[in-house]
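Tertiary structure, described
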Amino acid sequence: MSSLHLAGATVNQTPLDWEGNFNHILQAIQKAKDQSVDLLCFPELSITGYGSEDLFLSYWYPKKALAYLKKALPFTKGITVCLGLPCRINQKVYNCMAVLENGKVLGFVPKQFLAIDGVHYECRWFTPWKAGLMTSLDFDGASVPFGDMIFEKKGLRYGFEICEDAWRGDARPGYRLKDRKVNLILNPSASHFAMGKSHQREILVTESSEALEAAYFYVNLLGNESGRMIFDGEVLFADKGELLYKNPLLSFKDYQLISFKYPLPKTLETPEKTATESKNEEFTAAVSLALFDYLRKSRSKGFVLSLSGGADSSTIAILVAEMVRRGILCLGTPLFLEKIHRSSDIDPKSSVKDITGKLLTTAYQGTKNSSADTFNSAKSLAESIGAVFNQWSIDEEVASYTRKIEAALGRKLEWEKDDIALQNIQARARSPIIWMLANINNSLLLSTSNRSEGDVGYTTMDGDTSGSISPIAAVSKDFILQWPRWAESTLGYEGLKEVNALQPTAELRPKERKQTDEEDLMPYPVLTAIEQLAIRDKRSPIDIYLNLKEELSLEPSILKSYIAKFFRLWSRNQWKRERLAPSFHLDEFNVDPKTWYRFPILSGGYQEELKEMENTEE
């Protein structure tokens, strides 16, 4: 078999940053040429970025992508380059890979299957291509083949499965490529990050190389491209049922080039991790990179955080510190500061702790219901990572609002009668001043809501939900409660010691009422179990009851009450989820209606379904 010097380039792109995207592509091409690469594959939609949304529907947008494809042609002398872009033919837009070689376009291969579940809505923008169909596209004065085709390089035949194409079982294009005797299948992807997903891809790539009787090369996009979705920049290569290469994921670099000679002689060994260790590390790496990209692409100066001393806000503070540490480790301090547009006012000789202090400002906004424990927890954590720490009381603001309402109503507010309103005004009174600080600092305000709170609306609109971005809104409280313990022991953040000793509480009721989150709601592991079946698996109340009554050690009547509470609160609080700050997609599912799960704002609230569950024998 002929030897082929093969390479994959994973790139961190941004919609509408034409020159920036193009420069990443050119840098990768040049590096590949320097290494005498024969065939270089970029990810799906690498010219425009995957997250271009309705820009794909514009007539000018695919046209401009073709213009940049033309600009790339002079750089393909002596190398074959595969680039992803949208192409319009006869009023329809297709998601394509273009194969460039020696200054010419050899052909365009459109995607045959579109991703339409979870965070993906490709059918809104693209049309799937029919297997076996061929036509042509007029490009730069020439008629270029367009359709389901294969190519050849150094006597090796190769073809494409574009991302979702590979996940369609017996209908996938790979089986037709097998019939056409290809030696190599390229899979350029824009596959979103989710904890645990890398392992699924490893299985897909490894099994595909055996089932399709061809070497299989997978190349994914990189970074927080456009706000919500994160790409991990994964590159995988397998042959004859063996995974031979896997790169480090979630790099802070603009691009990564991975090259090797095919056939590759031996398997790359990767260290084993437990499932929990792996998820915690993946979460940390993904959010760190996402915060870095969001900060630099929004051209903000830093972050502001209302630091309560609890697990949620403390987790976010540590993630910002990790963003700084990991970014500097990957890029070096000078380049890290240049990337976040802070070279002019932060000394490159500064320590990680000092730079964190320049980027993260925190505030503990106490009331008479706050405890010394949470204050000390917040203060020691902020000091341990170098963040600026402020403290003030909002009792005066709360009292002012309360007096005005009492005057309007002609009565005193009482906890027995006005519990929710008296809790909410405290959370809302914190919002204006922390927003003011963020505005003055030209910084992003970090919201601290988690997914479990989003499920049941255990959050105050225009209060603790206030923020520019919500970094942990896609993960459960269950996960957040264990992560600081892992970060303390594994990452060495000793400032989390006091945080990890606290029981979760909103601290909005008087101290003598001894408020805790789980007493307000239900045990968090139970909430997570119900949520997974209800939202991830889309099960009905009665199905969830029948599943969980065997798994959980709960009285049937108590389990039913928890399930009923979940569905009632879920239905009642969709309007809140519609207004949450943008969040990163991190887990196998989330409750963001703009990405993963859509639900009517107004509904019957599962009344019949809950009645059916209630009438089920225990």
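Provided above is the structure to which this section pertains.
Below: a short report on this structure. Every value quoted in this text rests on a predicted model; they were computed, and no experiment measured them.

Before going further, it helps to examine the overall build of the protein. Secondary structure summary: the protein contains 20 helices and 20 strands in total. Compactness check: the protein gives a C-alpha radius of gyration of 26 Å against a globular reference of 25 Å for 618 residues, within 12% of the reference. Projecting the C-alpha coordinates of the protein onto the three principal axes gives extents of approximately 85 × 65 × 45 Å. For the protein, buried positions account for 58% of its 618 residues. Within the protein, contacts between residues separated by at least 24 positions form 72% of all contacts whose residues are at least 6 apart in sequence. Summed over its atoms, the accessible surface of the protein is roughly 25,800 Å², and 51% of this surface lies on carbon and sulfur atoms. In the protein, which carries 74 positive and 81 negative side-chain charges, the distance between the mean positions of the two groups comes to 6 Å.

Scanning the model with the defined rule gives 33 salt bridges in all. The residue Asp293 makes a salt bridge to Arg296 at a minimum N-O spacing of 2.8 Å. With Asp293 and Arg296 both in helix H5 (residues 275–297), this residue pair falls three residues apart, about one helical turn. Summarising the burial analysis for this pair, Asp293 and Arg296 share the class buried. Arg451 is the salt-bridge partner of Asp587, the closest N and O atoms lying 3.2 Å from each other.

With respect to the helices, strands and loops of the structure, Asn95 is situated in strand S4 (residues 92–101). The buried category is assigned to Asn95, whose relative accessible area is 1%. A distance of 2.6 Å separates polar atoms of two side chains, one belonging to Asn95 and the other to Glu44. Non-local contacts of Asn95, meaning those with residues more than four positions away in its chain, are made with Glu44, Leu45, Leu85, Val109, Pro110, Lys111, Phe126 and Ile162.

Here the focus is the environment of Asp254. Summarising the element assignment, Asp254 is placed in the loop between strand S15 (242–246) and strand S16 (255–262). Asp254 sits 235 residues away from Ser489 along the chain, and the two C-alpha atoms are 31 Å apart. Excluding its chain neighbours within four sequence positions, the residues that come into contact with Asp254 are Thr10, Val11, Asn12, His24, Arg296 and Lys339. Polar contacts involving the side chain of Asp254 include one to the side chain of Lys339, which spans 2.5 Å.

Turning our attention to unusual backbone geometry. With an omega of 5°, the peptide bond running from Tyr262 to Pro263 counts as cis. Summarising the element assignment, Pro263 is placed in the loop between S16 and H5. Backbone geometry at Asn442 places phi at a positive 55°, although glycine is not the residue there. Locating Asn442 in the fold gives a position in the loop between helix H11 (415–441) and strand S20 (444–446). Of note, the phi angle at Tyr606 is positive, near 60°, even though the residue is not glycine. Turning to its location among the elements, Tyr606 is positioned in the loop between helix H19 (574–578) and helix H20 (607–614).

Reading guide: rules and limits
Residues numbered from 1 in each chain as written. Predicted model: local features only at pLDDT ≥ 70, side-chain atom pairs only at ≥ 80, totals over all residues. Heavy atoms only, no water. Helix = DSSP H or I, 4+ residues; strand = E, 2+ residues; numbered from the N terminus. Rg over C-alpha atoms; globule rule 2.2 N^0.38 Å. Buried < 20%, exposed > 50% of the residue type's maximum accessible area, 1.4 Å probe, protein only. Contact = heavy atoms within 4.5 Å. Areas by Shrake-Rupley, 256 points an atom, 1.4 Å probe, with all protein chains shown as cover. Lys, Arg positive; Asp, Glu negative; His and termini not counted. Charge placed at Lys NZ, Arg CZ, Asp CG, Glu CD. Salt bridge = Lys/Arg side-chain N within 4 Å of Asp/Glu carboxyl O. Polar contact = N/O pair within 3.5 Å; in protein donor to acceptor, adjacent residues only side chain to side chain.

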